[in-house]
Amino acid sequence: MNSWSPNSLGKQSMIEINGVQKSFRDNHVLRGVDLTINKGETTVILGRSGCGKSVLLKLIMGLMKPDQGEILVNGDNVASMNDKQLSGLRQKFGMLFQASALFDSMTVDENVGLGLREHTKLPEPEVRQRVAEKLKMVGLSAVEHQKPAALSGGMKKRVGLARAIAMDPEYVLYDEPTTGLDPIMADVINELIISLRNTLTITSIAVTHDIVSAYKIADRIAMLYEGKIIFVGTPDEVKNTDHAVVRQFIEGSSQGPIPAL
Amino acid sequence: MAKARFSYTPENIFTCVGRKTLTFLEDVGGLALLVKDIFLSLPKAFSRFHLTAEQMLVMGVNSLPLVALVSVFTGAVTAVQAVYQIQDFIPMRYLGTAVGKAILIELAPVLTALVVAGRVGAGIAAELGTMKVTEQIDALKTMALDPVEYLVAPRFVAGLVMLPVLTIFSDAIALAGGVGISATALNVPPHVFLNSLKTFFKTMDLMSGLSKAFVFGSIISIIGCYQGFRTKGGAEGVGRSATKAVVMASVLILIADYVVASILFG
């Protein structure tokens with residue numbers, strides 16, 4: 001197993017992204033991304049809308065293949081996995097989608113319990129109990145029989161989160177976890193992400209452009225700009241950096257090296 | 001703002017033809033790959049029978065009222081027009097044969113398939129298309145579930161089984177329509193109609209219609225799923241996929257009708 005990389009000395013790295021490039025026709029979204037995700041940490045990837053943050057998550061899960069470079073999860077290259085290996089890999093992951101992506105033909109119980117029902121041989125009462133447990137962890141009860149259409153945006157996010165952690169994953173990927181929520185609900189989600197990391201010791205990657213959320217949940221923040229990671233540091237290092245691009249982004253200014261339009 | 005007009009320069013025409021050709025080849029390749037994946041995942045459709053049963057309900061049982069309505073009028077109009085076409089040279093006691101063969105071999109399977117393509121094919125494309133644009137398909141994959149196994153295989157099996165079943169209902173209802181209109185408006189009593197139907201009936205008449213239905217059923221679900229998976233963009237993309245699914249399925253149904261007929265009767 002190859003878990004060594006220059007920027008993970010002293011810590012066990014779980015995911016290594018080396019020189020990853022990805023283009024869609026003429027649009028070079030990722031132009032050589034290098035990043036190491038350490039075990040048990042929450043890494044936040046910051047960047048403007050459309051800069052390729054979500055693409056990076058999809059590459060890690062093997063939903064897309066990189067044009068160049070490699071993504072190692074526990075030392076195995078995702079891009080060269082066959083369908084069976086990918087299926088095994090994905091069972092170690094949970095993902096919270098930007099718009100929750102709940103299956104709207106299923107009830108909340110069926111959504112959260114889908115992985116358990118399909119991949120384990122647990123008896124039905126046990127599955128129901130686990131579903132109720134996970135829903136309780138995200139602060140929901142008595143919603144099992146509702147369809148997603150009957151839930152508010154914040155509740156959908158929380159059900160999505162319960163579904164992401166239902167199989168007790170090693171990794172959880174969050175795609176814009178607070179986008180589209182009111183500030184109070186956004187903070188509820190932030191608190192949930194922190195408590196999941198602390199109670200379940202999950203390794204997390206969150207992509208967002210919400211600075212408040214990033215400061216709160218991150219152990220390390222990486223900034224993606226023009227298809228590359230241009231800065232990695234703790235929230236405090238980000239706050240105090242004099243890197244012009246990072247400063248402009250965290251201050252939310254239209255003046256600076258990042259073109260506003 | 002003035003809209004840029006398409007100018008018929010040779011370059012533009014070649015670009016347009018080239019793009020259409022590429023899209024066509026992409027569709028052929030994409031469909032071939034989807035069919036391969038469907039066959040590989042068929043065993044799973046039986047292990048998750050509840051999903052297949054759900055689709056059978058949607059495709060079969062819920063389509064029955066519409067199919068019945070279309071069938072009864074098909075039978076009636078076939079009888080009325082058969083009288084107009086044959087009355088000068090064939091005795092009316094053979095009306096049952098003419099109407100029956102037309103219904104069993106051609107009209108019931110084709111019209112049922114076209115109605116179901118409009119109703120169910122568009123529904124499949126819209127449902128899977130919405131799942132695609134709202135990332136539900138990606139969510140399935142992240143949960144280590146194969147969308148072809150989970151979504152396509154049950155719909156494929158449901159189409160394969162339910163289209164022949166619907167066609168049998170359509171045969172019966174259309175014949176009833178034919179008998180009814182012959183007795184009430186065309187002066188051919190039911191026993192005369194049914195006798196002539198029986199006298200010249202061949203098992204092949206029924207089986208050829210059902211073989212067609214079998215093929216049409218798979219076309220409807222495969223095309224619906226294919227267009228659903230290819231959906232891009234938001235609501236507009238979903239609408240476009242639903243339309244494309246109906247058009248593509250209808251055209252392929254008529255082409256397949258000719259091919260199956262040529263094989264069986266040629």
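This one's a predicted model, so the numbers in the text were calculated from it and none came from an experiment.

### Describing the overall build of chain A
Right, so step 1: Helix and strand counts for chain A stand at 9 helices and 10 strands.
Right, so step 2: In terms of overall dimensions, chain A is globule-like: its C-alpha atoms have a radius of gyration of 18 Å, near the 18 Å expected for 261 residues.
Right, so step 3: The principal-axis extent of the C-alpha atoms belonging to chain A is close to 55 × 40 × 40 Å.
Right, so step 4: Scored against the burial criterion, the 261 residues of chain A give a buried share of 52%.
Right, so step 5: In chain A, of all internal contacts separated by at least 6 residues, the share reaching a separation of at least 24 is 64%.
Right, so step 6: About 11,800 Å² of surface is accessible on chain A, with carbon and sulfur atoms providing 50% of the total.

### Topic: the overall build of chain B
Right, so step 1: From N to C terminus, chain B includes 9 helices and 0 strands.
Right, so step 2: Counting only C-alpha atoms and orienting by the principal axes, one finds that chain B spans roughly 65 × 55 × 35 Å.
Right, so step 3: Going through the 266 residues of chain B one by one, you find that 46% of them count as buried.
Right, so step 4: Long-range pairs, those at least 24 residues apart, make up 85% of the contacts in chain B between residues at least 6 apart in sequence.

### With respect to the interface of chain B and chain A
Right, so step 1: Listed as interface residues are 14 residues of chain B and, on the opposing side, 22 residues of chain A.
Right, so step 2: For the pair chain B and chain A, the summed buried area comes to about 1,500 Å², and 60% of that belongs to carbon and sulfur atoms.
Right, so step 3: Per-residue buried area on chain B facing chain A is highest for Glu-135, Thr-142 and Met-143 of chain B; these three make up 38% of the total on that side.
Right, so step 4: If you look at where chain B meets chain A, you find 3 salt bridges.
Right, so step 5: Close ionic contact of Glu-135 of chain B with Lys-58 of chain A constitutes a salt bridge, the shortest N to O distance being 3.4 Å.

### Some words on the nonpolar core
One broad rule of soluble globular proteins: the nonpolar side chains tend to lie buried together.
Right, so step 1: In this structure, Ile-15, Ile-17, Leu-30, Ile-71 and Phe-93 of chain A are the most contacted members of the largest nonpolar core, which totals 87 residues.
Right, so step 2: Per element, the largest residue contribution to this core is 11 residues, and it comes from helix α6 (residues 147-185) of chain B.
Right, so step 3: In this view, Ile-71 of chain A contacts Ile-15, Glu-16, Ile-17, Val-20, Leu-59, Ile-60, Asp-76, Asn-77 and Val-78 of chain A; residues no more than four positions away in its chain are not counted.
Right, so step 4: Membership of the second largest hydrophobic core comes to 46 residues, among which are Leu-96, Val-143, Leu-181 and Val-246 of chain A.

### Quick notes on the sheet that holds strand β6 (residues 93-96) of chain A
Residue and element names in this part refer to chain A.
Right, so step 1: Pairing in this open sheet of 6 strands is mixed, and the strands run β6-β7-β8-β3-β9-β10 from one edge to the other. The open sheet has two edge strands, β6 and β10 (228-233), and neither has a second partner. The sheet shows a mean angle of 20° between the axes of neighbouring strands, direction not considered.
Right, so step 2: The pairing of β6 with strand β7 (residues 171-175) spans 4 bridges and is classified as parallel. When the sheet's bridge partners are listed, Phe-93 is paired in β7 with Tyr-171.
Right, so step 3: Its contacts with the sheet put helix α5 (residues 153-165) on β6 and β7, and the angle it makes with β6 is roughly 170°.
Right, so step 4: On the sheet, helix α9 (residues 244-251) packs against β3 (42-46), β9 (220-225) and β10 and is oriented at approximately 105° with respect to β9.

### Description of the confidence of the model for chain A
Residues and elements named next belong to chain A.
Right, so step 1: Counting all residues, the mean pLDDT for chain A is 86, and 95% of those residues have values of 70 or more.
Right, so step 2: The least confident element of chain A, judged by mean pLDDT, is α9 at 85; the most confident is helix α3 (residues 108-119) at 93.
Right, so step 3: Here residues 1-10 scores under 50 on pLDDT; set against residues more than four positions off or in separate chains, the count is 16 contacts.

### Section: the packing of α6 of chain B against helix α8 (residues 203-229) of chain B
Residue and element names in this part refer to chain B.
Right, so step 1: Packing of α6 against α8 brings their axes to within 8 Å, and their N-to-C directions diverge by 150°. Here the hand of the crossing between α6 and α8 comes out right-handed.
Right, so step 2: The residue inventory of the contact of α6 with α8, partitioned by class, reads 18 nonpolar, 6 polar and 2 charged.

### Re the packing of aromatic side chains
Right, so step 1: In the structure shown here, the tally under the stated rule is 3 aromatic pairs over all chains.
Right, so step 2: Each ring, one from Phe-39 of chain B and one from Phe-156 of chain B, has its centre 5.8 Å from the other, and the planes form 70°; the classification is edge-to-face. With Phe-39 of chain B in helix α1 (residues 10-47) and Phe-156 of chain B in helix α6, this pair connects stretches of sequence that are 117 residues apart.
Right, so step 3: Look at Tyr-94 of chain B and Phe-200 of chain B: their rings are 5.9 Å apart centre to centre, the planes differ by 70°, and that puts the pair in the edge-to-face class. Of the two residues, Tyr-94 of chain B sits in the loop between α3 (64-86) and α4 (95-133) while Phe-200 of chain B sits in the loop between α7 (190-199) and α8, which places them 106 residues apart along the sequence.
Right, so step 4: The aromatic ring of Tyr-215 of chain A is capped on one face by Lys-239 of chain A, whose charged end is 4.8 Å from the ring centroid.

### Considering the side chain of Lys-134 of chain A
Residues and elements named next belong to chain A.
Right, so step 1: Tracing the backbone through its elements, the reader meets Lys-134 in helix α4 (residues 124-137).
Right, so step 2: The exposure class of Lys-134 is buried, given its relative accessible area of 5%.
Right, so step 3: Each residue touching Lys-134, except ones within four places of it in the same chain, is listed here: Val-112, Ala-162, Ile-165, Ala-166 and Asp-168.

### Topic: α5 of chain A
Right, so step 1: Here α5 of chain A is 13 residues long and its end C-alpha atoms lie 19 Å apart, about the 18 Å a rise of 1.5 Å per residue gives.
Right, so step 2: Most of α5 of chain A sits inside the fold, with 10 of its 13 residues counted as buried.
Right, so step 3: Of all the residues in α5 of chain A, the buried ones are Gly-154, Lys-157, Arg-158, Val-159, Gly-160, Leu-161, Ala-162, Arg-163, Ala-164 and Ile-165 of chain A.
Right, so step 4: Those residues of α5 of chain A hidden inside the fold are in contact with β6, α3, α4, β7 and α6 (183-200) of chain A together with α5 (136-142) of chain B.

### Some words on the pattern of salt bridges
Residues and elements named next belong to chain A.
Right, so step 1: Evaluated as defined, the whole model comprises 23 salt bridges over all chains.
Right, so step 2: Between Asp-187 and Lys-216 there is a salt bridge, with the nearest N and O atoms lying 2.8 Å from each other. Taken as a pair, Asp-187 in helix α6 and Lys-216 in helix α7 (residues 211-217) lie far apart in primary sequence, 29 residues in all.
Right, so step 3: When its relative accessible area of 32% is taken as the criterion, Asp-187 is described as partly exposed.

### Structural notes on the packing of α5 of chain A against α6 of chain A
For any two helices packed against each other, the geometry is given by the interaxial angle and the distance between the axes.
Residues and elements named next belong to chain A.
Right, so step 1: It is at 10 Å that the axes of α5 and α6 come closest, and there the two elements cross at 15°. The angle between α5 and α6 falls in the class roughly parallel. With respect to the hand of their crossing, α5 and α6 are arranged in right-handed fashion. Note on element contacts: α6 touches α5 through Met-185, Val-188, Ile-189, Leu-192, Leu-196 and Leu-200, opposite Gly-154, Lys-157, Arg-158, Leu-161 and Ile-165.

The rules behind each value
- Residues numbered from 1 in each chain as written.
- Chains lettered and ligands numbered in written order.
- Predicted model: local features only at pLDDT ≥ 70, side-chain atom pairs only at ≥ 80, totals over all residues.
- Heavy atoms only, no water.
- Helix = DSSP H or I, 4+ residues; strand = E, 2+ residues; numbered from the N terminus.
- Rg over C-alpha atoms; globule rule 2.2 N^0.38 Å.
- Buried < 20%, exposed > 50% of the residue type's maximum accessible area, 1.4 Å probe, protein only.
- Contact = heavy atoms within 4.5 Å.
- Areas by Shrake-Rupley, 256 points an atom, 1.4 Å probe, with all protein chains shown as cover.
- Buried area = accessible area lost by both parts, 1.4 Å probe.
- Salt bridge = Lys/Arg side-chain N within 4 Å of Asp/Glu carboxyl O.
- Core = buried A, V, L, I, M, F, W, Y, C linked by side-chain atoms within 4.5 Å.
- Pairing = 2+ DSSP bridges.
- Axes fitted to C-alpha atoms, helices over the stretch in contact; angles between N-to-C directions.
- pLDDT = per-residue confidence, 0-100.
- Left-handed = near helix turned anticlockwise from the far one by under 90°.
- Nonpolar A, V, L, I, M, F, W, Y, C, P; charged D, E, K, R; others polar.
- Phe/Tyr/Trp six-rings, centres within 6.5 Å; stacked < 30°, edge-to-face > 60°.
- Lys NZ or Arg CZ within 6 Å of the ring centre and 35° of its normal.
- Expected span 1.5 Å × (residues − 1).
- Parallel < 35°, antiparallel > 145°, perpendicular 65-115°, else oblique.

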